[in-house]
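Residue-level structure breakdown
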Amino acid sequence: MIRALLAALLLTAPAFAADMSVFVRNQRSDGVALELFSRDSKKVWPGGDKVFLIRPQARKSVPISCEPGEHICWGAWVVGNDSVTAGVGPDNDQPCDTCCFICVEHSTETVDLAE
């Protein structure tokens with residue numbers, strides 16, 4: 001009985017989340033807003049209708065918790081002008097081959113935002 005209970009607990013235990021960082025280098029003369037979007041679920045970082053704000057010419061490390069192997073894409077736009085976008089954009093609806101990465105525990109992904 002105890003073995004069956006332990007086996008059931010192991011099989012229903014959630015997968016562990018991986019902690020990683022996204023290092024953003026804003027090389028633009030404008031401040032930018034950035035969001036991260038999972039391609040495997042509806043998860044968005046930072047979530048809750050918030051964005052990561054990066055000042056002009058600034059660098060910022062953004063910690064996230066994600067599922068190992070999860071595909072994540074970034075979207076950025078000029079603060080106050082979401083028609084100037086990069087990556088998958090503010091609505092995660094732009095095609096982009098170079099703005100996605102895979103969640104890997106204890107790793108850092110770099111995002112360069114150029115003029």
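Residues numbered from 1 in each chain as written. Predicted model: local features only at pLDDT ≥ 70, side-chain atom pairs only at ≥ 80, totals over all residues. Heavy atoms only, no water.

Section: the nonpolar core
Counting residues in hydrophobic clusters, the biggest one holds 25 residues, and the most contacted among them are V22, V24, L34, L36, I64, I72 and W74. Mapped by element, the contributors of at least two residues to this core are strand 1 (18-26), strand 2 (32-38), strand 4 (52-54), strand 5 (59-66), strand 6 (71-78) and strand 9 (108-113). (Core = buried A, V, L, I, M, F, W, Y, C linked by side-chain atoms within 4.5 Å. Buried < 20%, exposed > 50% of the residue type's maximum accessible area, 1.4 Å probe, protein only. Helix = DSSP H or I, 4+ residues; strand = E, 2+ residues; numbered from the N terminus.)

A short note on the pairing of strand 7 (residues 81-87)
Bridge count between strand 6 and strand 7: 4 bridges; the pairing is antiparallel. Directly across from A76, in strand 7, lies its bridge partner A86. Turn length for the strand 6-strand 7 hairpin, with the two strands adjacent in sequence and antiparallel, is 2 residues, and the turn residue G80 shows positive phi of about 85°. (Pairing = 2+ DSSP bridges.)

Focus: the state of the cysteines
Evaluation of the coordinates by the stated rule reveals 3 disulfides. There is a disulfide in this structure between C66 and C103, and the S-S distance comes to 2.1 Å. Here the disulfide of C66 and C103 is right-handed, its torsion about the S-S bond being about 80°. Of this pair, C66 sits in strand 5 while C103 sits in the loop between strand 8 (100-102) and strand 9, and the two are 37 residues apart along the sequence. Neither residue differs from the other here; C66 and C103 are each classed as buried. (Disulfide = S-S within 2.5 Å.)

A short note on the pattern of salt bridges
Applying the stated rule across the entire model yields 3 salt bridges. With a closest N to O distance of 3.5 Å, R28 and D30 form a salt bridge. On the basis of relative accessible area, R28 is assigned to the buried category, the value being 14%. Where E70 meets K43, a salt bridge forms, and the shortest distance between an N and an O atom there is 3.9 Å. Taken as a pair, E70 in the loop between strand 5 and strand 6 and K43 in the loop between strand 2 and strand 3 (44-45) lie far apart in primary sequence, 27 residues in all. (Salt bridge = Lys/Arg side-chain N within 4 Å of Asp/Glu carboxyl O.)

Examining the confidence of the model for the protein
For the protein, the average pLDDT comes to 89, and 87% of its residues sit at 70 or higher. Here residues 4-13 scores under 50 on pLDDT; set against residues more than four positions off or in separate chains, the count is 0 contacts. (pLDDT = per-residue confidence, 0-100. Contact = heavy atoms within 4.5 Å.)

Quick word on the sheet that holds strand 5
The pairing of strands in a sheet happens through backbone hydrogen bonds and is either parallel or antiparallel. On the basis of which strands lie adjacent, the open sheet formed by 3 strands has the order 5-1-9 and mixed pairing. Unpaired on one side and paired on the other, strand 5 and strand 9 mark the two borders of the sheet. With strand direction ignored, the average angle separating the axes of adjacent strands in the sheet is 25°. Here strand 1 pairs with strand 9 via 6 bridges, running parallel. In the sheet register, N26 faces strand 9, and the bridge partner there is L113. (Axes fitted to C-alpha atoms, helices over the stretch in contact; angles between N-to-C directions.)

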